[in-house]
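Examination of the molecular architecture
Chain residues, written in single-letter form:
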Amino acid sequence: MRKQVLEEIAQAMVADGQGILAADESTGTIKKRFDSINATSTEDSRRDYREMLFRTTEAMQNNISGVILYDETIRQKAADGTPLTEIMVAAGALPGIKVDAGAKDLAGHPGEMVTEGLDGLRERLSEYHQLGAKFAKWRAVLNITDNAPSAACLNANTHALARYAALCQEAEIVPIVEPEVIMDGSHSVERCYEVTSAALTALYEQLAMQNVHLEGTILKPNMIVSGTQNAVQADVQQVAEMTLDCFHKCVPQAVPGIVFLSGGQSDELATAHLDAMNKIGNLPWKLSFSYGRALQAAPLKAWGGKAENVAEAQAAFAHRAKMNGLAALGQWDASLEG
Ligand code: 13P
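Residue positions are counted from 1 within each chain, in the order its sequence is given. Local features in this predicted model are restricted to residues of pLDDT 70 or higher, and side-chain atom pairs are both shown and tallied only at a pLDDT of 80 or more, whereas totals for entire chains, interfaces and linings draw on every residue. To get the side-chain values, all heavy atoms of the structure are used, and hydrogens and water are removed first.

**Focus on the site of the ligand**
For this purpose, a residue is taken to be near a molecule or strand whenever a single non-hydrogen atom of the residue falls within 4 Å of it. Neighbouring the ligand are 13 residues, the closest being Lys137, Lys220, Ser262, Gly263 and Arg293. Counted as a polar contact is a pair of N or O atoms within 3.5 Å, where, for protein atoms, one must be capable of donating a hydrogen and the other of accepting one, and residues adjacent in sequence contribute only when both atoms are in side chains. One nitrogen or oxygen atom from the side chain of Glu178 is found 2.9 Å from an oxygen atom belonging to the ligand. Within the side chain of Ser262, a nitrogen or oxygen atom sits 2.5 Å from an oxygen atom of the ligand. Protein coverage of the free-state accessible area of the ligand, which is 300 Å², stands at 92%. A pocket here means an open set of points on a 1 Å grid, computed over the protein atoms alone, that has protein on both sides within 12 Å along at least five of seven lines. A cavity is instead a set of points where a 1.4 Å probe fits but cannot get out; residues with an atom within 4 Å of a point line either one. If over half the atoms of a molecule are within 2 Å of the grid points of a cavity or pocket, the molecule is regarded as sitting in it. Of all the cavities here, the one that holds the ligand is the largest pocket. A 1.4 Å probe and the Shrake-Rupley method give the accessible areas. Residues count as covered only by the protein chains that appear here.

**Brief notes about the environment of Val310**
Secondary structure is summarised from DSSP: a helix means a run of H or I of at least four residues, a strand means a run of E of at least two, and numbering begins at the N terminus for each. Within the secondary structure, Val310 sits in helix H13 (residues 310-327). In this structure the C-alpha to C-alpha distance between Val310 and Tyr49, which are 261 residues apart in sequence, comes to 8.8 Å. The residues touching Val310, leaving out its near neighbours within four places in the chain, are Met52 and Trp303. Here, two residues are considered to be in contact whenever any of their heavy atoms come within 4.5 Å of each other.

**Thoughts on unusual backbone geometry**
Of the consecutive residues Ala148 and Pro149, the connecting peptide bond is found in the cis state with omega at 0°. Following the sequence through the fold, Pro149 ends up in the loop between strand E6 (135-142) and helix H8 (151-170). Even without being a glycine, Asn282 presents a positive backbone phi close to 60°. According to the relative accessible area criterion, Asn282 is exposed, its value standing at 80%. Throughout, exposure labels follow a simple rule: accessible area from a 1.4 Å probe, protein chains only, divided by the maximum for the residue type, with under 20% read as buried, over 50% as exposed, and the rest as partly exposed.

Shown next as structure tokens:
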């Protein structure tokens with residue numbers, strides 16, 4: 001492992017005013033997204049949609065430092081035969097790759113999940129490195145109920161995240177470690193704080209145990225928010241303050257960057273939360289975004305599966321990327337939304 005190579009990639013991923021586009025939807029998930037706009041999901045239509053995003057030069061050059069790809073996409077060529085990875089690299093964005101094999105039911109713990117994919121991971125990482133991947137992603141899924149996540153679930157998931165991270169670094173790929181505490185549920189914002197703290201504490205213990213070089217990692221967490229079915233919803237300032245309080249206690253200063261998932265938040269709320277945290281400032285790590293839905297919902301809708309809507313969809317993507325780039329600097333304002 002060349003630590004300096006990893007550190008340089010990690011720092012580039014959280015360059016000022018830039019963040020990550022999560023475009024790593026599995027074939028099943030992207031089909032659901034396409035169903036919502038009445039578009040058919042085929043290898044070509046998935047390619048056309050993603051090529052449209054990656055060719056949004058303004059967004060890619062100014063606000064997107066890297067893109068998380070799915071296995072199909074990292075191997076795919078644009079309609080003119082150029083590899084999609086080449087298009088994003090030309091625009092200054094790093095290719096990344098989702099390497100986990102998805103969350104499966106955790107045996108013995110009904111309602112809880114464990115993410116699989118460690119078997120054969122060393123060999124897959126080596127191939128992805130050859131295909132140009134500079135970073136990777138592994139997502140653990142942690143559901144909140146009155147008695148979940150259990151210690152067993154936290155342990156199994158954070159152990160797997162640490163084993164994955166060590167293998168990535170061996171292959172000179174920066175691991176994005178993602179312990180996602182799911183927003184669904186009737187729990188309070190305090191309960192989200194409690195579970196997120198437990199998850200992050202377990203994660204950094206496991207990363208230390210596996211000798212992971214923290215300066216060459218990126219954390220992708222949820223924000224501390226109220227459960228979506230709770231009648232009481234924490235406001236933007238409370239979310240920002242509680243999230244920062246939790247991270248100051250649980251995330252080592254050696255971590256260069258934290259990039260949030262959007263997790264089902266509306267586009268503008270995800271931007272407002274990130275902005276509010278950066279406005280509070282005085283942070284030991286960069287705070288930016290790694291949004292999937294909160295970056296893609298607007299362009300997906302504008303596109304609607306039709307070639308004649310490409311320019312409009314690209315404008316929608318460029319706008320969201322710019323708004324989130326400003327939020328990563330604490331310079332966003334609702335009036336800029338237009
Ligand atoms: P969302 O921003 O849609 O939550 O997706 C981010 C992601 O990559 C989850 O793993």
